[in-house]
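An overview of the molecular structure
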Amino acid sequence: MEQPIRPRRLRKTPVIRKMIRETRVSPSSLIYPLFVREGRNIIEDIPSLEGQKRYSPDTLPFALEEVCKAGVSSILLFGIPEQKDEMGSSAWEEQGVVQQALRIAKREFPNLYCITDVCLCEYTSHGHCGVLKNHCVDNDKTLPLLAKIALSHVMAGADMVAPSDMMDGRIRAIRQELDLHHFEEIPILSYAVKYASAFYGPFREAAGSAPSFGDRKGYQMDYHNRREGIKEAALDVQEGADILMVKPALSYLDVISEVSSSFSLPTAAYSVSGEYAMIKAASRQGLVQEAELVCETAVGIFRAGADMLITYYAKELANWMKEGRIG
Ligand code: PBG
């Protein structure tokens, strides 16, 4: 009788371990989120996000220098305005904080790819992602405002816009506005599958964008649902989205996997503030090894199907990739 063939484990030496890797990652797929606040000469620590800072537009180049040095080639900008009102009108001003930051960034670092978060929550006095009617977000009244914000970002130099508000129909509204002004080439990265999540806590501290009443469950998604996420993504595809994002990342790897296999668009994952803060806190206490854990979680997200990763660890990850820890 023939002996059964004994399977070999191809992982005995470092060379072959690397050769057979199924998931390849590189700094080119990392996006670094950055907070710009109004003012001058400001670089301030963000207590809820250890190691992250808020910059005023004039000091932003110091941050961008570090980003480029690490080998990260794209950023995601969030704005923190001085003035907030019911409508969030400082979000689309020509002299708004993100618009100022973009002009400086594009002048000083023309090759850095600048994506902007398009939302109202940092700009409204009530902290919701849209305008209100009787204490409820008015979806359809919000759409033209989001389109206006996106256009103002692009006019100031944004290479791509990323609406994170979760209103229905906003991808179409933004696409039409950009096309009307001959920005047909500017892509839209849609926060397509964004869950109402406790993982956003540290971000809301950082951006001062917590809702003053209620929550975002009326427009962000219920984490019990996966099919609904696919439906949200499908709608965004129809409306003209170019890249589909799933957010948060770690608790939603199944959704990342399904979005990436269901659509022929690139999939982005956002490893959000709470995911970052948890790893920071645990490693500060000596409970885990920071670099090991960040590498393992990042590769897990790519393995699930993400093509790109938005993470507050982008600079460190890029360096660890260059050192060959992961790659
Ligand atoms: C704005 C927005 C939020 C995040 C990205 N864009 C906050 C929210 O929806 O409450 C969260 C990002 C993070 O936690 O890192 N709507």
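Attention in this report is confined to the structure presented alongside it.

Cut-offs used in this document
Residues numbered from 1 in each chain as written. Predicted model: local features only at pLDDT ≥ 70, side-chain atom pairs only at ≥ 80, totals over all residues. Heavy atoms only, no water. Helix = DSSP H or I, 4+ residues; strand = E, 2+ residues; numbered from the N terminus. Buried < 20%, exposed > 50% of the residue type's maximum accessible area, 1.4 Å probe, protein only. Core = buried A, V, L, I, M, F, W, Y, C linked by side-chain atoms within 4.5 Å. Contact = heavy atoms within 4.5 Å. Expected span 1.5 Å × (residues − 1).

Time to look at unusual backbone geometry. In this model, Lys 247 is joined to Pro 248 through a cis peptide bond whose omega is -15°. Relative to the assigned elements, Pro 248 resides in the loop between β10 (243-247) and α8 (253-262). Non-glycine residue Asn 134 carries a positive phi angle of around 50°. The residue Asn 134 is located in the loop between β6 (132-133) and β7 (136-137) in this model. On the basis of relative accessibility, which here comes to 72%, the residue Asn 134 falls in the exposed class.

A general tendency of soluble globular proteins is for nonpolar side chains to be buried together. By size, the foremost hydrophobic cluster in this structure holds 110 residues, and its most contacted members are Phe 35 and Leu 317. Excluding residues within four positions of it along the chain, Leu 317 makes contact with Leu 30, Val 294, Cys 295, Ala 298, Leu 309, Thr 311 and Ile 326.

Another aspect to go through is helix α7 (residues 227-239). The end-to-end C-alpha separation of α7 is 19 Å, in line with the 18 Å expected for 13 residues at 1.5 Å each. For α7, the set of buried residues is Gly 229, Ile 230, Glu 232, Ala 233, Asp 236 and Glu 239. Positive backbone phi, approximately 110°, marks Gly 240, located one or two places after α7.

Before going further, it helps to spend a moment on the environment of Ser 212. Its place among the elements puts Ser 212 in the loop between α6 (201-207) and α7. Ser 212 gets classed as exposed once you look at its relative accessible area, which sits at 54%. Taking C-alpha positions, Ser 212 is 24 Å from Lys 53, a pair spaced 159 residues apart along the chain. Ignoring sequence-local partners within four residues, the contact set of Ser 212 consists of Ser 125 and His 126.

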